[in-house]
Amino acid sequence: MLSSFFSPKLMLRGDSCVLFSIADHKHTYHQKEILVTKHKDIAPQKKKKTASSFYMRAAVTAIASHRRLLLPVLQSFQTSITTNRNRTIVRNIMSEMDPTSFARPRLVTKKVLAKHQREGDGAIVRRCIGRSELKSLDPFLMMDDFSVSPPAGFPDHPHRGFETVTYMTQGGITHQDFAGHKGTIHTGDVQWMTAGKGIIHSEMPAGEGVHKGLQLWINLSSQDKMIEPRYQELLSEDIPSAEQDGAEVRVIAGESMGVRSPVYTRTPTMYLDFSLRPRAQVHQHVPESWNAFAYIVEGEGVFGYQNKTPISANHVLVLGPGDGVSVWNKSSKPLRFVLIAGQPLNEPVVQYGPFVMNTQAEIDQTIEDYHYSKNGFEMAKHWRSH
Ligand code: FJE
Ligand code: FE
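In the annotation of an unreviewed UniProt entry, the protein is listed under the name RmlC-like cupins superfamily protein and assigned to Theobroma cacao. Recorded under Sequence similarities (unreviewed entry), the UniProt text for the protein is reproduced unchanged: "Belongs to the pirin family." Recorded under Subcellular location (unreviewed entry), the UniProt text for the protein is reproduced unchanged: "Nucleus".

Given below as structure tokens:
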């Protein structure tokens, strides 16, 4: 009987579990125990609503991760049940279960507002990762949403043991390194820098006014920490992009909507820049074993499940386990966010500012190498940016 599906006695069991069974004369679907992520999901907070719509809501929340299994059962109910009212309820449940969504959708497990702080020489950054609330998210060590105006910038400084990915959202940054490599990246361009055994460089605003972007630090595995430095630069027009029903993606690393980035990620990484028009949605696969987060650049979005509260710009969202993430723009303004995921290295991390190694002994060695300009820092001897 369908009514058992909405029965409080069957729905509530213990504090945070829902037990339900669906059966008609042809099918029986028995779901022993489904964890509702938050107790308030099933608490009777909306007293005005009728009991059945309240329990329907709870059921939708509970079954969202079992939608593939439940959809055929519900479809059979829709044709076999007798009352109109129950048929409507089933149809409503089915319409809330997006069939393009995931068996195990990733949910937001942590939400942090990245407030302004000072960094470098007078620059302003919103630190997403590498702050006390979110120290790191293997393999990611740091991410800054930065803003610089002359004379501020990031003057001569070293890196070893990881990669920096700089993605411009406004203006330009001119970089110069100790090996004579230099250039300017502008809005929409990406510089994927593998520091490896060592790079010393400056990163300064290219001209007057405000220059903005995102800089992500990706750790390298112990085997790759001392590799030769390398740059991969992608001009904005060379970044693959795709669009589906009002959702646009720029693929900085990895693959989305059937397009692939040419960037080689030594530590396997996905880096996607999504822009969703009002009412657009996106369902993005993310490998199960990877760590993933999103950072909202502009607007507000609903992440995880459709009925969640929208989250506003400058929040970092850690995404829990699962095979993909769903995002909806239910606002009247554009939503822009980056979705970043990477295969965890599961190695010890010892960081001393811009040096990231596996052990304290390797950090001590790095400080010595930097001081005496050796083991990768040779070219530092007589170099200054200009
Ligand atoms: C750095 C202080 C720094 N975030 N975002 C210490 F400021 C930096 C550094 C940056 C940086 C550079 C750009 Cl272009 C954008 C940034 C920090 O350069 F590496 C250390 N160690
Ligand atoms: Fe740098």
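**Remarks on the coordination of the iron ion (ligand 2)**
The coordination sphere of the iron ion (ligand 2), as far as protein atoms go, consists of His 157 (NE2), His 159 (NE2), His 201 (NE2) and Glu 203 (OE), spread over 2.1 to 2.3 Å. Viewed at the metal, the 4 donor atoms of the iron ion (ligand 2) are separated by angles of 83 to 175°, and the geometry they form is irregular. Each donor residue of the iron ion (ligand 2) lies on the same chain, and together they follow the pattern H-x1-H-x41-H-x1-E. Of this pair, His 157 sits in strand E8 (residues 154-159) while Glu 203 sits in strand E13 (residues 199-205), and the two are 46 residues apart along the sequence.

**A few points about unusual backbone geometry**
A cis geometry characterises the amide bond from Asp 138 onward to Pro 139, with omega recorded as 10°. Tracing the sequence through the fold places Pro 139 in the loop between strand E6 (123-129) and strand E7 (140-148). The peptide bond linking Pro 150 to Pro 151 adopts the cis configuration, its omega dihedral lying at 5°. Structurally, Pro 151 can be placed in the loop between E7 and E8. Not every positive phi belongs to a glycine, and Met 257 is a case in point at roughly 50°. Topologically, Met 257 is positioned in the loop between strand E18 (255-256) and strand E19 (259-260).

**Concerning helix H5 (residues 360-371)**
A rise of 1.5 Å per residue sets the reference length of H5, with its 12 residues, at 16 Å; its end C-alpha atoms lie 16 Å apart and thus fit the reference within 8%. Residues Ile 363, Thr 366 and Asp 369 constitute the buried set of H5. Taken down its axis, H5 places every buried residue within 120° of arc, on the same side. Residues of H5 that are exposed and point over 90 degrees away from its buried face: Ala 361 and His 371. Ser 373 sits one or two residues past H5 and shows a positive phi near 50°.

**Considerations on the packing of aromatic side chains**
The geometry of an aromatic ring pair is captured by the separation of the ring centres together with the interplanar angle, meaning the angle of the planes. By the definition in use, this model includes 9 aromatic pairs. Measuring from ring centre to ring centre gives 6.1 Å for Tyr 167 and Tyr 271, while their planes differ by 80°; the resulting arrangement is edge-to-face. Of this pair, Tyr 167 sits in strand E9 (residues 162-170) while Tyr 271 is found in strand E20 (residues 269-276), placing the two residues 104 residues apart along the sequence. An angle of 65° between the planes, with centres 5.7 Å apart, marks the rings of Phe 355 and Tyr 370 as edge-to-face. Of this pair, Phe 355 sits in strand E29 (residues 355-357) while Tyr 370 sits in helix H5, and the two are 15 residues apart along the sequence. Owing to a relative accessible area of 4%, Phe 355 belongs among the buried residues under this scheme. Its relative accessible area of 33% is what places Tyr 370 among the partly exposed residues. Three or more aromatic residues joined by ring pairs make a cluster, and in this case those are Phe 274, Phe 303 and Phe 337.

How each quantity is defined
Residues numbered from 1 in each chain as written. Chains lettered and ligands numbered in written order. Predicted model: local features only at pLDDT ≥ 70, side-chain atom pairs only at ≥ 80, totals over all residues. Heavy atoms only, no water. UniProt positions renumbered as here; feature names shortened; annotations may be inferred. Donors = N, O, S within 2.8 Å, 3.2 Å for Na, K, Ca; no water. Tetrahedral: all angles 85-135°; square planar, octahedral: opposite > 155°, others 65-115°. Helix = DSSP H or I, 4+ residues; strand = E, 2+ residues; numbered from the N terminus. Expected span 1.5 Å × (residues − 1). Buried < 20%, exposed > 50% of the residue type's maximum accessible area, 1.4 Å probe, protein only. Arc of directions from axis to C-beta. Phe/Tyr/Trp six-rings, centres within 6.5 Å; stacked < 30°, edge-to-face > 60°.

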